[in-house]
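What follows is each chain in one-letter form.
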Amino acid sequence: MTWTEHAWQAIAPIYKRIIEMPFLAELSKGTLAQERFQFYIMQDSGYLEHFGKALALLGARAAATEDALAFMRFAENALVVESLLHESYLKDFGIPDKGTLEPACHHYVHFLKSTAALDAVEIGMAAVLPCFWIYKAVGDHISKSPQAPANPYQKWIDTYGGEEFGIAVRQAIAICDRAASATTEQTRAAMTKAFITASRLEYDFWDGAYQLRMWK
Ligand SMILES: Cc1ncc(CN)c(N)n1
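Labelled according to an unreviewed UniProt entry, the chain appears under the name Aminopyrimidine aminohydrolase, originating from Flavobacterium endophyticum. According to the UniProt record, the Sequence similarities (unreviewed entry) comment for the chain reads "Belongs to the TenA family." Its UniProt record gives the chain the following Function (unreviewed entry) comment, quoted word for word: "Catalyzes an amino-pyrimidine hydrolysis reaction at the C5' of the pyrimidine moiety of thiamine compounds, a reaction that is part of a thiamine salvage pathway."

Here's what the structure looks like:
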């Protein structure tokens, strides 16, 4: 079994809870309250900025040039392509600005940045993998569900269920598997732990948006 197969098995219960979340079930049907999507997009715009920087840092720390280039492309994609898409959502949904990072987003980006900066590079790569893989799995899951007519969230569904995103996801999976097979048992265990933590934080991010959770 590859490391990524093992890691996905480890998060199977978390992933099951993710696809059952009301945020995603309602987004899929197009019935999600606009206020909740607005909150999510504002937070996600802030998230992408930090996520992009964590990816760039991992690119700089990667040992193989090929992996460094892949992470730099991932960073550019998060900071330019995904961010532009979010800019368009901000406009479409009448959101004036990104606002501040609320607790779920704040926790997630700081986990990613500190792991990317301070832990072994393989662990940092494992920490960012759910950001790719879970979004792809969720996008595919929703794309295969019965399509709601004129779903206001269709653009979001198409982005993450799309083939272009799928290519990046497969690359990120392959890099992590290569890194895992070249490292020690101890680092592999830490990679799995980081992968699980990031998956929990993905859950929390959608939950925080559904609950409109803000600093007290
Ligand atoms: C919180 C979060 N995680 C992952 C992704 C997909 N890059 C995202 N846009 N937002």
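Continuing now.
*Asks:* Can you explain the environment of Lys113? Please cite residues and give values.
*Replies:* Along the chain, Lys113 turns up in helix 6 (residues 103-118). Considered as a pair, Lys113 and His50 are 63 residues apart in the sequence and their alpha carbons are 7.3 Å apart. Those residues within four positions of Lys113 in sequence are excluded, and the remaining contacts are His50, Ala54 and Leu57.

*Asks:* Please set out the site of the ligand residue by residue, giving values where relevant.
*Replies:* If you check the shell around the ligand, you find Asp44, Tyr47, Leu48, Phe51, Glu82, Cys131, Tyr135, Tyr160, Glu202 and Phe205 and nothing else. In the model, a nitrogen atom of the ligand is placed 3.5 Å from a nitrogen or oxygen of the Tyr47 side chain. Between the ligand and Tyr135 there is a distance of 3.2 Å, counted from a nitrogen atom to a side-chain nitrogen or oxygen. In the complex, the protein chains occlude 100% of the 290 Å² of accessible area that the ligand would expose alone. Those elements giving two or more residues to the shell around the ligand turn out to be helix 4 (34-61), helix 7 (121-144) and helix 10 (185-210).

*Asks:* If you had to explain the environment of Trp156 to someone new, which residues and values would you point to?
*Replies:* One can find Trp156 in helix 8 (residues 154-161). The spacing of Trp156 and Leu85 is 71 residues in sequence and 8.7 Å in space, taken between C-alpha atoms. Residues contacting Trp156, with those up to four places away along its chain left out, are Leu24, Leu27, Phe37, Tyr40, Tyr89, Tyr135, Val138, Ile142 and Trp206.

*Asks:* Please provide a residue-by-residue account of the pattern of salt bridges, values included.
*Replies:* The tally for this structure, following the rule as stated, stands at 9 salt bridges. Residue Asp140 pairs with Lys136 through a salt bridge whose shortest N-O separation is 2.9 Å. One end of the pair, Asp140, and the other, Lys136, are both in helix 7, 4 residues apart, so they sit about a helical turn from each other. By relative accessible area, Asp140 is classed as partly exposed at 22%. Lys136 sits in the buried class, given a relative accessible area of 10%. Note that Arg213 is salt-bridged to Asp207, the shortest N-O span being 2.5 Å.

*Asks:* Lay out the UniProt feature "domain: Thiaminase-2/PQQC" (unreviewed entry) in the chain in plain terms, naming residues and giving numbers.
*Replies:* Cross-referencing UniProt, the feature "domain: Thiaminase-2/PQQC" (unreviewed entry) maps to residues 8-211 in the present numbering. In residues 8-211, helix accounts for 82% and strand for 0%; the two terminal C-alpha atoms are 27 Å from one another.

*Asks:* I'd love a proper account of a nonpolar patch on the surface, names of residues and values included.
*Replies:* Nonpolar side chains collect at one region of the surface, where Leu79, Val80, Val81 and Leu84 lie side by side and expose about 340 Å² of accessible area between them. On the secondary structure map, Val80 appears in helix 5 (residues 65-92).

*Asks:* Go over the packing of aromatic side chains with me, naming the residues and quoting the values.
*Replies:* Enumeration over the complete set of coordinates arrives at 23 aromatic pairs. When the ring of Phe37 is compared with that of Tyr40, the centres are 6.0 Å apart and the planes differ by 35°; the resulting orientation is tilted. Highlighted residues: Phe37 and Tyr40, both in helix 4, separated by 3 residues, approximately one helical turn. Ring plane angle 70° and centroid distance 5.2 Å describe the contact between Phe71 and Phe74, whose orientation is recorded as edge-to-face. Taken as a pair, Phe71 and Phe74 lie in helix 5 at a separation of 3 residues, close to a single helical turn.

*Asks:* Before we move on, can you summarise the nonpolar core with the specific residues and values?
*Replies:* The biggest cluster of nonpolar side chains holds 78 residues, and the ones touching the most others in it are Phe37, Trp156 and Trp206. The residues contacting Phe37, other than those within four sequence positions of it, are Phe23, Leu27, Leu32, Tyr89, Phe93, Tyr153 and Trp156.

*Asks:* How would you sum up helix 7? Please name residues and give values.
*Replies:* Under the 1.5 Å per step criterion, the end-to-end length of helix 7 is 35 Å for 24 residues, consistent within 8% with the ideal 34 Å. A bend of about 30° at Val128 is the largest found in helix 7, and the proline Pro130 appears one to four places after it. With 20 of 24 residues buried, helix 7 is to be regarded as a mostly interior element.

*Asks:* Before we move on, can you summarise the side chain of Thr187 with the specific residues and values?
*Replies:* Along the chain, Thr187 turns up in helix 10. Separated by 3.0 Å, the side chains of Thr187 and Thr184 make a polar contact. For Thr187, the residues in contact, after removing those within four places along its chain, are Ala120, Glu122 and Ile123.

Definitions and limits used
- Residues numbered from 1 in each chain as written.
- Predicted model: local features only at pLDDT ≥ 70, side-chain atom pairs only at ≥ 80, totals over all residues.
- Heavy atoms only, no water.
- UniProt positions renumbered as here; feature names shortened; annotations may be inferred.
- Helix = DSSP H or I, 4+ residues; strand = E, 2+ residues; numbered from the N terminus.
- Contact = heavy atoms within 4.5 Å.
- Near = heavy atom within 4 Å.
- Polar contact = N/O pair within 3.5 Å; in protein donor to acceptor, adjacent residues only side chain to side chain.
- Areas by Shrake-Rupley, 256 points an atom, 1.4 Å probe, with all protein chains shown as cover.
- Salt bridge = Lys/Arg side-chain N within 4 Å of Asp/Glu carboxyl O.
- Buried < 20%, exposed > 50% of the residue type's maximum accessible area, 1.4 Å probe, protein only.
- Patch = residues over 30% accessible without salt bridge, like charges linked within 9 Å, V, L, I, M, F, W, Y side chains within 5 Å.
- Phe/Tyr/Trp six-rings, centres within 6.5 Å; stacked < 30°, edge-to-face > 60°.
- Core = buried A, V, L, I, M, F, W, Y, C linked by side-chain atoms within 4.5 Å.
- Expected span 1.5 Å × (residues − 1).
- Bend = angle between axes of the 7 residues up to and from the residue.

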